[in-house]
2 protein chains.
Amino acid sequence: METVMSPALFHLHTADLHRKNVVVIDILRATSTICTALHNGAVEIATTATPAEALHFRSQGYLCAAERDGQTVEGFELGNSPQDYTSEKVKGKGIALTTTNGTRCLRMARGAAHVFAGSFLNIDALANFLVHDGRDVMLFCAGWKDRFNLEDTLFAGALAARLTGFESHCDATLAAITLWDKAAANPENFLGQASHAKRFQTLHRESDITVCMRMNSAPVLPLMKEGVLRCMPAGTTA
Amino acid sequence: METVMSPALFHLHTADLHRKNVVVIDILRATSTICTALHNGAVEIATTATPAEALHFRSQGYLCAAERDGQTVEGFELGNSPQDYTSEKVKGKGIALTTTNGTRCLRMARGAAHVFAGSFLNIDALANFLVHDGRDVMLFCAGWKDRFNLEDTLFAGALAARLTGFESHCDATLAAITLWDKAAANPENFLGQASHAKRFQTLHRESDITVCMRMNSAPVLPLMKEGVLRCMPAGTTA
């Protein structure tokens, strides 16, 4: 088990990638949004590198979602707030999504045995799958424009603490577990100090943070294949 | 104030570098060794990129020190254990030093207002200077071959906790302070779990860890200028 604290460190961890299960983590908000959308009945989420590429999906009936620097890009139906992805809007739909950090990391991890989107919303579903599957695990934090961020590493710690049978020689995992240990009693309060939380107070609805910390509120397994996220059916091993 | 957890993230923090005081941190062992050598009377430490370059200094009467992957390079008088740098050996001498991680970071930080080598051995001397000087501070962790490591970030937290007047919008600093808060009662025990500590059990003298955790045992200010570290005299502002 290993924790990658920033996409800028990912290249140090690519040995034997095909043998690993990778969990991509972008708590505020891409991976929380992906869990919410699939839980609310979206059929699939196609990730794209750019907003322009996302718009190509519109003619195929997809909802188009794009966020840059925390804001919905002009001309898009959806941004990156999980609260926008209600079942009224997304049930039965395909979504084309591009975000500042999270979707990029999902694409970087291609080649792994499985690539999942992870968030507090599906933490136990993920932990159950990873323990049952038994492959080595990489916890891949999206961060903010290559910088370390608190919420992603905190989630890595929360998930790592649930993967008790896994061997780890990775200081980043130790640090993440220690941080989670400190924050577990009141993670939302702990995150109140974080840079991203402060950014939210100006850019977004603060309530997004509350929504993104709701444990097991969207217990799906968003599996990435060829750039597209779909729910892995319960009981499968892909 | 900001914390850089790995040299691979340094490029994100170079804006206004000339206005910052940078503390380079390689607890196990380069910056602990540098503090020890200067405290024990070495006149200067010339850092070099390669062992071959360090050997060029021999004809000028320098002691030559080189470490790669934790081991003393063959043909060198000194490696990277602070316990080798006794006053008997180093007093009045110049030393040419190259190490796997620390000396590289000292060279990367050129262009900053001041570049210091920081360790538990000189933590309060550094904190006093930084508070008195008042410039913005970068805590630059050398890590291990670009990977995050526990001991360098732990020290960053210990130093950051002493810099109470400084503004920080940096999640890495928050994480470092939280880790230090958890470890402060028994840092050596906390580090016993770290990857580098485990590497030490096979490669080095374990007692190096004890020596490198001795707070304020070498209260010098190792200032880097043009590739050479010398003690900053007390009371100067360089």
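Described below are features of the structure shown in this document. Owing to the predicted nature of the structure, the values given are computational and were not obtained by experimental measurement.

Topic: the overall build of chain A
Moving on, step 1. Scanning chain A for helices and strands turns up 10 helices and 10 strands.
Moving on, step 2. Its C-alpha atoms give chain A a radius of gyration of 16 Å, near enough to 18 Å, the size a compact globule of 238 residues would have.
Moving on, step 3. For chain A, the spread of C-alpha atoms along the three principal axes comes to 50 × 40 × 30 Å.
Moving on, step 4. Across the 238 residues in chain A, those meeting the buried criterion constitute 61%.
Moving on, step 5. Within the structure as shown, chain A displays about 9100 Å² of accessible surface, and the carbon and sulfur contribution to it stands at 50%.
Moving on, step 6. Positive and negative charge centroids in chain A, built from 22 and 24 side chains respectively, lie 3 Å apart.

Points about the interface of chain B and chain A
Size of an interface, as often reported, equals the accessible area lost when the parts are brought together.
Moving on, step 1. With 26 residues of chain B at the interface, the matching set in chain A holds 26 residues.
Moving on, step 2. Regarding the contact of chain B and chain A, the summed buried area is about 2200 Å², with carbon and sulfur atoms giving 63% of it.
Moving on, step 3. Considering only the side of chain B, the residues that lose the most area to chain A are Leu12, Phe148 and Asp171 of chain B, jointly responsible for 25% of the buried surface there.
Moving on, step 4. Where Lys182 of chain A meets Asp181 of chain B, a salt bridge forms, and the shortest distance between an N and an O atom there is 2.5 Å.

Section: helix 6 (residues 150-162) of chain B
Residue and element names in this part refer to chain B.
Moving on, step 1. Relative to the 18 Å expected for 13 residues at 1.5 Å per residue, helix 6 spans 19 Å between its end C-alpha atoms, a close match to the ideal helical length.
Moving on, step 2. Taking burial as the measure, the 13 residues of helix 6 include 11 buried ones, the bulk of the element.
Moving on, step 3. Three or more residues of helix 6 are buried, namely Leu150, Glu151, Asp152, Thr153, Leu154, Phe155, Ala156, Gly157, Ala158, Leu159 and Ala160.

Notes on the nonpolar core
Moving on, step 1. Of all hydrophobic cores here, the largest spans 156 residues; its most connected members are Leu159 of chain A together with Leu159 of chain B.
Moving on, step 2. Apart from the residues lying within four places of it in its own chain, the contact partners of Leu159 of chain B are Val23, Ile123, Leu126, Ala127, Leu130 and Leu139 of chain B.

Thoughts on the environment of Met5 of chain B
Moving on, step 1. Tracing the backbone through its elements, the reader meets Met5 of chain B in the loop between strand 1 (2-4) and strand 2 (20-25).
Moving on, step 2. On the basis of relative accessibility, which here comes to 5%, the residue Met5 of chain B falls in the buried class.
Moving on, step 3. Those residues in contact with Met5 of chain B that sit more than four places away from it in its chain are Met5 and Phe148 of chain A together with Cys141, Phe148, Thr153, Ala172 and Ala175 of chain B.

What counts and how
Residues numbered from 1 in each chain as written. Chains lettered and ligands numbered in written order. Predicted model: local features only at pLDDT ≥ 70, side-chain atom pairs only at ≥ 80, totals over all residues. Heavy atoms only, no water. Helix = DSSP H or I, 4+ residues; strand = E, 2+ residues; numbered from the N terminus. Rg over C-alpha atoms; globule rule 2.2 N^0.38 Å. Buried < 20%, exposed > 50% of the residue type's maximum accessible area, 1.4 Å probe, protein only. Areas by Shrake-Rupley, 256 points an atom, 1.4 Å probe, with all protein chains shown as cover. Lys, Arg positive; Asp, Glu negative; His and termini not counted. Charge placed at Lys NZ, Arg CZ, Asp CG, Glu CD. Contact = heavy atoms within 4.5 Å. Buried area = accessible area lost by both parts, 1.4 Å probe. Salt bridge = Lys/Arg side-chain N within 4 Å of Asp/Glu carboxyl O. Expected span 1.5 Å × (residues − 1). Core = buried A, V, L, I, M, F, W, Y, C linked by side-chain atoms within 4.5 Å.

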